[in-house]
Amino acid sequence: MPREQEFLYASGRIRLLETKLLNKNLVERLMEADTIEGVIKALGDTAYAEDFTDLDNIYEFEEVLENNLLKTFRVIGNSIKDSKIIRYFTLKYDYHNLKVCVKGKIMGDIKKEYFSKLGEVPLEYFLKLASEEKSTDLPKDMIDSFEKAVAIYEETHDPQQIDVYIDRLLFEELAKLVKEIKEPFLEKYHNAYVDLLNIKTFVRIKNMNMDLRALQRAILPGGSVPEDFYEKKFQESMEDFVESFSSKDYYKVVKEGIENWSLTKNPSLYEKLMDNYLINYLKKGLYKPFGVEPVIGYLGAKEHEIKILRLILVGKINGISEDLIEERLRELYV
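These numbers were taken from a predicted model, which means no experiment stands behind them.

A. Geometry of unusual backbone geometry. One non-glycine residue, asparagine 209, lies in positive phi territory at about 55°. Here asparagine 209 is to be found in the loop between helix 10 (184-207) and helix 11 (212-218). Despite not being glycine, lysine 265 has its phi angle at roughly 60°, a positive value. Mapped onto the secondary structure, lysine 265 falls in the loop between helix 14 (251-264) and helix 15 (268-282).

Quick look at the structure:
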C-alpha cells in the first residue's frame, strides 16, 4: 500500500473536523463581543462550547483550550498508524514540563497547575524527578536531562540557561523525529520553523549587544541553515544578514519583520508574519484529498487556532481595544 493511502481514514475524519475550525465570520463575532462572557457565548456553536459549559470559573479558560487540543491529539492519534506524527506535536509539552520540574526543584515549590497535560510522559514522573525519588519508571534520558539542567543553574545562577539547554534537547529530538517520519511536507515545515526561530534569536541577541557565546548557546539545531552560518554573520550588518535569505520562501517575513523590528524595537510583527507564513504553508493540506498533508495541516491548524483564541480571550479580560487585538491576530487556516 502506498504510504499516502495509510491516511485515507484519517483524511476523511479531518475533512469533517475542518468544518468546525474557526472561520472569519466567527472570529469577527468574537472580536465584537464586549466581554469574555460575550466571547464564550459566541463560541456556543463550536467544539469549545461543552468544555466552557462545564467550567466553574470562566477566567480559567486555559483548561478548556488544553482539553480541546488534547481531544484533537487523541482523535487523530487513533486514526493513523504512525504515532511519530502526533509525537512531533506533543513533544514540546513534555519539554515544557521538564522546565517546570527543574525550576520548581530549584525554587523548592512545585506547582501542578504549571504543568501541561498535552505531553505523553505522565505527570507523576516529573513529580518523582523533582522529589529526587528513584524509580525505574523514569526514562534515563529524562533523569540525565533533569540533573544536567539543575547543574547548569547551580553553575550559572541564570534561569534562562535552563530554557536554552532544554530547548536544544527538544529540537535535537524533533530533528530526529522528522528524519524518522521521512515526509518532505513535514521536513520543509520544520526547517522553516527552525530557521525563523533562529533568525529571531539572532536579531534579539544582536539588539541586546550580547556576545557570540550567547548566540552559540541559543541557536537551535536543525533547519535548512547550518548553525555556524549565524556565527559567520554575527559581525556583519543587519542589512547583509537579511539579504542572505533573499532566496528563501520566507524572505518577505525576514525583510518586513526585521525592518519593522528595527523601527519599533518590538518583534511582534516579525512573530505575526512568521506564524502567518507557517499556517499558509500548512494550508496545502486543505487541497490534498488524502495523505500526510491533511493530517499535519490540521494538527498545526488546531494549535494555531488555540493561539488565536487565547489572544482574543486575554485581550477581552484585560480590556484591550478591538483594534489592538485585531492588529495582533494571525491568519486563519480556513
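B. Summary view of the packing of aromatic side chains. For the structure shown, the criterion picks out 18 aromatic pairs. On the numbers, 3.9 Å between centres and 10° between planes, the contact of phenylalanine 202 with phenylalanine 241 is stacked. A residue pair is termed long-range when its members are at least 10 positions apart, and phenylalanine 202 in helix 10 and phenylalanine 241 in helix 13 (residues 238-243) qualify at 39 residues. Ring-pair connections join several aromatic residues into one group, and the members of that group are Phe202, Phe229, Tyr230, Phe234, Phe241, Phe245, Tyr250 and Tyr277.

C. Main features of helix 5 (residues 61-77). Counted at 1.5 Å a residue, the expected span for helix 5 with its 17 residues is 24 Å, and the 24 Å between its end C-alpha atoms agrees. For helix 5, the full list of buried residues reads Phe61, Val64, Leu65, Glu66, Asn67, Asn68, Leu69, Leu70, Thr72, Phe73 and Ile76. Buried residues in helix 5 make contact with helix 1 (8-18), helix 3 (36-42), helix 4 (49-53), helix 6 (83-107) and helix 16 (292-317).

D. Quick peek at the packing of helix 6 against helix 16. At their nearest, the axes of helix 6 and helix 16 sit 10 Å apart, and the two run at 20° to each other. Accordingly, the angle class assigned to the pair helix 6 and helix 16 is roughly parallel. Two packed elements cross with a definite hand, and for helix 6 against helix 16 that hand is right-handed. For the pair helix 6 and helix 16, contact is made by Ile85, Ile86, Phe89, Lys92 and Tyr93 and by Val292, Val295, Ile296, Leu299, Gly300 and Glu303, respectively. Class assignment for the residues of the contact of helix 6 with helix 16 results in 8 nonpolar, 1 polar and 2 charged.

E. Broad picture of the pattern of salt bridges. One pass over the structure, following the stated rule, counts 24 salt bridges. Between glutamate 18 and arginine 15 there is a salt bridge, and its shortest N-O distance comes to 2.8 Å. Of this pair, glutamate 18 and arginine 15 are both found in helix 1, 3 residues apart, which corresponds to roughly one turn of the helix. For glutamate 18, a relative accessible area of 9% corresponds to the buried category. On the basis of relative accessible area, arginine 15 is assigned to the partly exposed category, the value being 25%. The salt bridge involving glutamate 303 is made with lysine 92; its shortest N-O contact spans 2.9 Å. You can see glutamate 303 sitting in helix 16 and its partner lysine 92 sitting in helix 6, a full 211 residues away along the chain. Judged by relative accessible area, lysine 92 falls into the partly exposed class, the value being 27%. Overlapping salt bridges, with partners in common, bring together Lys99, Lys103, Asp163 and Asp167 in one network.

F. Region of the structure containing empty space enclosed by the protein. Per the counting criterion, the structure on display carries 1 cavity of 30 Å³ or more. Size it by volume and the largest cavity reaches roughly 50 Å³. In terms of lining, the largest cavity is formed by Leu21, Leu22, Ala301, His304, Glu305, Ile308, Leu332, Tyr333 and Val334. Looking at side-chain class alone, the lining of the largest cavity contains 7 nonpolar, 1 polar and 1 charged residues.

G. Representation of the layout of surface pockets in the model. The calculated volume of the second largest pocket comes to roughly 310 Å³. Around the second largest pocket, the lining comprises 15 residues; the ones closest to its centre are Tyr95, Asp141, Met142, Ser145 and Glu173. Elements supplying a minimum of two residues to the lining of the second largest pocket: helix 6, helix 8 (140-156) and helix 9 (159-181). Counting residues per element, the lining of the second largest pocket draws most heavily on helix 6, which supplies 5 residues. Each residue belonging to the lining of the second largest pocket can be placed in one class, and the counts come to 8 nonpolar, 1 polar and 6 charged.

H. Geometry of the environment of lysine 128. Within the fold, lysine 128 resides in helix 7 (residues 123-130). When the C-alpha atoms of lysine 128 and aspartate 94 are compared, they prove to be 15 Å apart, with 34 residues separating the residues in sequence.

Calculation criteria
Residues numbered from 1 in each chain as written. Predicted model: local features only at pLDDT ≥ 70, side-chain atom pairs only at ≥ 80, totals over all residues. Heavy atoms only, no water. Helix = DSSP H or I, 4+ residues; strand = E, 2+ residues; numbered from the N terminus. Phe/Tyr/Trp six-rings, centres within 6.5 Å; stacked < 30°, edge-to-face > 60°. Expected span 1.5 Å × (residues − 1). Buried < 20%, exposed > 50% of the residue type's maximum accessible area, 1.4 Å probe, protein only. Contact = heavy atoms within 4.5 Å. Axes fitted to C-alpha atoms, helices over the stretch in contact; angles between N-to-C directions. Parallel < 35°, antiparallel > 145°, perpendicular 65-115°, else oblique. Left-handed = near helix turned anticlockwise from the far one by under 90°. Nonpolar A, V, L, I, M, F, W, Y, C, P; charged D, E, K, R; others polar. Salt bridge = Lys/Arg side-chain N within 4 Å of Asp/Glu carboxyl O. 1 Å grid on protein atoms, 1.4 Å probe; cavity = no way out; pocket = protein on both sides within 12 Å on 5 of 7 lines; lining within 4 Å. Points joined across faces, edges and corners; volume = space filled by probe spheres on them.

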